[in-house]
Amino acid sequence: MKVSEDLQPTGACRTFKQRFSATPRGARLARLLTAHQLDAWGLPRGVRLHDEVLLVVAELAANAVVHGRVPGRDFAVRLEYADDVAGVPTSVRIEVCDPHPALPARLAVPADPLEETYGRGLLLVEAYARDWGVRARPGPGKTVWALCTAPTPRPT
């Protein structure tokens, strides 16, 4: 887990924020609405940044439902999309807030991966996000954030 949050957008910045019920249905809806919002921002399915953001949101929303659930309390997803002055997508910052105070724990990869059916979500977040971390939030709970960035084009 890293703690830097140093990427500053140089062009436009757009945000999306929504609360969801802390249920499997709520996690699924978070993923579906994220896909819809990314499409609306001009990041269609099949674009690497879209796919990476969707995977990270799915994992963090599932963690909020499974590990961060407090009965009667929702979780929230916030997306912040940034592009450069030419309108080329540069990054999407993802924040998932839940009311449970326990910090996420990254588990080691099991010796026999076929025996374990859980515990690898944060490994996926770490693999696809440029950076991620956890911070306290006002009131009870925490915010898990991740930053996904578009690949930098190679000069031709």
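Note that the structure is predicted; figures quoted are calculated from it, not measured.

What follows is about the overall build of the chain. Counting its regular elements, the chain contains three helices and five strands. The order of α-helices and β-strands along the chain, N terminus first, is β-α-α-β-β-α-β-β. Counting all 156 residues of the chain, 37% fall into the buried class. The long-range fraction of contacts in the chain, counting pairs at least 24 apart against all pairs at least 6 apart in sequence, stands at 65%. Here the chain displays about 9,100 Å² of accessible surface, and carbon together with sulfur accounts for 55% of that area.

Turning our attention to helix α3 (residues 121–128). The set of residues buried in α3 consists of G121, L122, L123 and V125. Along its buried surface, α3 packs onto α2 (48–66), β4 (131–136) and β5 (142–149).

Time to look at the pattern of salt bridges. In the structure shown here, the tally under the stated rule is seven salt bridges. The salt bridge involving R19 is made with D74; its shortest N-O contact spans 3.3 Å. With a gap of 55 residues between them, R19 in strand β1 (residues 13–20) and D74 in the loop between α2 and β2 (75–83) connect regions that are remote in the sequence. Where R93 meets E95, a salt bridge forms, and the shortest distance between an N and an O atom there is 3.0 Å. The pair formed by R93 and E95 is uniform in burial state, with each residue classed as buried.

Now for the sheet that holds β5. The strand order β1-β2-β3-β5-β4 describes an open sheet built from five strands, whose pairing is antiparallel. Across the chains shown, the open sheet's two edge strands, defined by having one partner strand only, are β1 and β4. Geometrically, the sheet is characterised by an average inter-axis angle of 15° between neighbouring strands, direction not taken into account. Across the sheet, α2 lies against β2, β3 (89–98) and β5, angled at about 5° from β3, the strand it touches most.

A few words now on the environment of L38. Position of L38 relative to the elements: it lies in helix α1 (residues 24–40). Along the primary structure L38 and L79 are separated by 41 residues, whereas in three dimensions their C-alpha atoms are 9.3 Å apart. Once you skip the residues sitting within four places of it in the chain, L38 turns out to touch L43, H50, V53 and V92.

With 80% of its residues at a pLDDT of 70 or more, the chain shows a mean pLDDT of 85. Least confident of the elements in the chain is α3, whose mean pLDDT is 89; most confident is α1, at 97. Taken as a whole, residues 1–9 scores under 50 in pLDDT and shows 24 contacts with residues more than four places along the chain or in a different chain.

A separate point is the packing of α1 against α2. Where α1 meets α2, the closest approach of the two axes is 9 Å, and the angle between their N-to-C directions is 160°. Relative to α2, α1 is oriented roughly antiparallel. Judged by the sense of rotation from one axis to the other, the crossing of α1 with α2 is right-handed. Together, P24, A27, A30, R31, T34, A35, L38 and D39 of α1 and H50, V53, L54, V57, A58, A61, A62 and V65 of α2 make up the contact between the two elements. Among the residues making up the contact of α1 with α2, the classes are represented as twelve nonpolar, two polar and two charged.

Helix length check: α2, at 19 residues, gives a terminal C-alpha distance of 27 Å against a target of 27 Å (1.5 Å per residue), a fit within 8%. Those residues of α2 that sit buried are L49, H50, E52, V53, L54, V56, V57, L60, A61, A64 and V65. Buried-residue contacts for α2 involve α1, β2, β3, α3 and β5.

Definitions and limits used
Residues numbered from 1 in each chain as written. Predicted model: local features only at pLDDT ≥ 70, side-chain atom pairs only at ≥ 80, totals over all residues. Heavy atoms only, no water. Helix = DSSP H or I, 4+ residues; strand = E, 2+ residues; numbered from the N terminus. Buried < 20%, exposed > 50% of the residue type's maximum accessible area, 1.4 Å probe, protein only. Contact = heavy atoms within 4.5 Å. Areas by Shrake-Rupley, 256 points an atom, 1.4 Å probe, with all protein chains shown as cover. Salt bridge = Lys/Arg side-chain N within 4 Å of Asp/Glu carboxyl O. Pairing = 2+ DSSP bridges. Axes fitted to C-alpha atoms, helices over the stretch in contact; angles between N-to-C directions. pLDDT = per-residue confidence, 0-100. Parallel < 35°, antiparallel > 145°, perpendicular 65-115°, else oblique. Left-handed = near helix turned anticlockwise from the far one by under 90°. Nonpolar A, V, L, I, M, F, W, Y, C, P; charged D, E, K, R; others polar. Expected span 1.5 Å × (residues − 1).

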